[in-house]
Each structure stands twice: as C-alpha cells, then as structure tokens.
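Listed here are the chains, written in short residue letters.
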Amino acid sequence: RACSYYSSFDNDKLIYVDIGDKPSFHFKKNSGYCANTAYFIPNGDYFLCGLLNSNTFWYFITGKTNSIRGGFYRLFTQHMDSTPIPKATETQKSAIAACH
C-alpha cells in the first residue's frame, strides 16, 4: 500500500528487528523492503550501523525500553528517534564504520 515514506525503500537504510536481545542492525544499500517485524532508518550509513551495534548503544537503549519475557526488548521507533547520536569526526566515523 502507498505511504508517505515509500520512496525511502529505494535508498540506503539501516534495518533492525522489532524485538531483540542484542543489537542487530544491518546496513542495506539501495532498494530493499522489511517484513512487518522490522523497522528501518532511512539514509543510514556504516558509521551509524557500527554505532547502533555497539555495547554502549545497547546499554543505553535497554535503559529506555521495557524488557519482555526472556530478556528481549522492543525497539519501537519512538525510542530510536529520541536516541542521541554523538558528533564524530570523519576519522572517528571511518573507524566505527570499519567495525560494522
């Protein structure tokens, strides 16, 4: 069905699962779609992917969200949208992107 962000599926993006027990962000270049149990961040890159897959991010996000049975967490868009992303130099971004 048509939606306001339909064209975002054709661009680079970070895809992540709705419910997880560890960081599992994946950078997808170009066109791609998600099932209804995944979300995506439009215009993502390898730096952001590496940052969101870090232990530091997981520590932060698990403090913001509620855990559900089995130690899993819901990664709702409202939590992801309000997650601060630190400024980084190009050198720092390259180092983090290389760890993705």
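Residues numbered from 1 in each chain as written. Predicted model: local features only at pLDDT ≥ 70, side-chain atom pairs only at ≥ 80, totals over all residues. Heavy atoms only, no water.

Enquirer: Even after reading the chapter, I still don't get the overall build of the chain, so can you show me in this structure?
Expert: Counting secondary structure elements, the chain contains four helices and six strands. Secondary structure elements of the chain occur, N-terminal to C-terminal, as β-β-β-β-α-α-β-β-α-α. Across its three principal axes, the chain shows a C-alpha extent of roughly 40 × 35 × 20 Å. Expressed as a percentage of its 100 residues, the buried residues of the chain come to 31%. In the form shown here, the chain has an accessible surface area of approximately 6700 Å², with 53% of it arising from carbon and sulfur atoms. Once the 10 positive and 7 negative side-chain charges of the chain are each reduced to a mean point, those two points are 4 Å apart. (Helix = DSSP H or I, 4+ residues; strand = E, 2+ residues; numbered from the N terminus. Buried < 20%, exposed > 50% of the residue type's maximum accessible area, 1.4 Å probe, protein only. Areas by Shrake-Rupley, 256 points an atom, 1.4 Å probe, with all protein chains shown as cover. Lys, Arg positive; Asp, Glu negative; His and termini not counted. Charge placed at Lys NZ, Arg CZ, Asp CG, Glu CD.)

Enquirer: Help me out: how do you make sense of the pattern of salt bridges in this one?
Expert: Close approach of charged atoms allows side chains with opposite charge to pair. Taken as a whole and judged by the stated rule, the model has three salt bridges. Among the salt bridges present, the one from D12 reaches K29, with a minimum N-O distance of 3.5 Å. You can see D12 sitting in the segment before β1 (13-17) and its partner K29 sitting in the loop between β3 (26-28) and β4 (38-42), a full 17 residues away along the chain. In this structure, the salt-bridge partner of K93 is E90, at a minimum N-O distance of 3.9 Å. Of this pair, K93 and E90 both sit in helix α4 (residues 90-98), three residues apart, which is roughly one turn of the helix. Using a relative accessible area of 27% as the deciding quantity, one classes K93 as partly exposed. Overall, the relative accessible area of 58% leaves E90 in the exposed class. (Salt bridge = Lys/Arg side-chain N within 4 Å of Asp/Glu carboxyl O.)

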